[in-house]
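Coordinate inspection notes
The residues making up each chain are set out below.
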Amino acid sequence: MPALSRRSLLLSSAGLASLPLLNACGGSSAAPKGSAGSATLAFTFWGPAFYQNFTKQMVDIFTKKNPGITVTSQPAEWSSYWDKLATMVAGKHAPDVIN
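Quick summary incoming for the structure in this document. Residue numbers run consecutively from 1 along every chain, following the written order of its sequence. In keeping with the model being predicted, local features are shown solely for residues with a pLDDT of at least 70 and side-chain atom pairs are shown and tallied solely at 80 or more, while totals for entire chains, interfaces and linings include all residues. Side-chain numbers here rest on the full set of heavy atoms in the structure, without hydrogens or water.

Moving on, we get to the overall build of the protein chain. Numbering of helices and strands runs from the N terminus, with a helix taken as a DSSP run of H or I at least four residues long and a strand as a DSSP run of E at least two residues long. A count of helices and strands for the protein chain gives three helices and three strands. N-terminal to C-terminal, the α/β element order of the protein chain is α-β-α-β-α-β. Contacts are residue-level and defined by heavy atoms, with any inter-residue pair within 4.5 Å sufficient. A sequence separation of at least 24 residues applies to 65% of the contacts in the protein chain between residues at least 6 apart. Accessible area for the protein chain stands at about 7900 Å²; split by element, carbon and sulfur atoms hold 64% of it. Note on areas: these come from Shrake-Rupley sampling with a 1.4 Å probe, and a residue is covered only by the protein chains present in the view.

What follows is the structure, encoded as structure tokens:
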């Protein structure tokens, strides 16, 4: 059996370490929590007014294609975004989607 090179060992280790992440990428046949087939997602993001308008348009398209999902947007300006996000996470009320 040939000796294992350092590069092969690192690549193999990285591959094995990423296996649990692949499990998170798989779909689930279970219905989301809440009422049958419905869910609410909290979405926080930062940006000026034009970006907030653009993001609202994207959320509207998403909710039209996914009628059982409601998205509550929580926009913020850059200066207050990180403090707001840190407070939410520390209070164990992290948003579902962070941008």
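So, on to the pattern of salt bridges. For this analysis, a salt bridge means a side-chain nitrogen from Lys or Arg found within 4 Å of a carboxyl oxygen belonging to Asp or Glu. Under the criterion given, the structure shown has one salt bridge. Here lysine 56 makes a salt bridge to aspartate 60, at a shortest N to O gap of 3.0 Å. Placement of both lysine 56 and aspartate 60 in helix H2 (residues 49–65) is noted, with a separation of four residues, approximately one turn of the helix. Residue classification places lysine 56 among the partly exposed positions, given a relative accessible area of 48%. Only protein chains enter the accessibility calculation, which uses a 1.4 Å probe. A residue is then buried if its area is under 20% of the maximum for its type, exposed if over 50%, and partly exposed in between. Classification of aspartate 60 by relative accessible area gives partly exposed; the value is 30%.

Across a sheet, paired strands are connected by hydrogen bonds in the backbone, their directions being either parallel or antiparallel. Strand order in the open sheet made by the three strands is S2-S1-S3, with parallel pairing throughout. For this open sheet the edge positions go to strand S2 (69–76) and strand S3 (97–98), each flanked by a neighbour on one side alone. Note that strand S1 (residues 39–46) and S3 share two bridges and pair parallel. Residue pairing for S3: phenylalanine 43 is matched across the bridge by valine 97. At least two bridges found by DSSP between two strands are what make those strands a pair.

Let us look at the pairing of S1. Pairing of S1 with S2, which is carried by eight bridges, proceeds in the parallel orientation. When the bridges of S2 are listed, phenylalanine 43 appears paired with serine 73.

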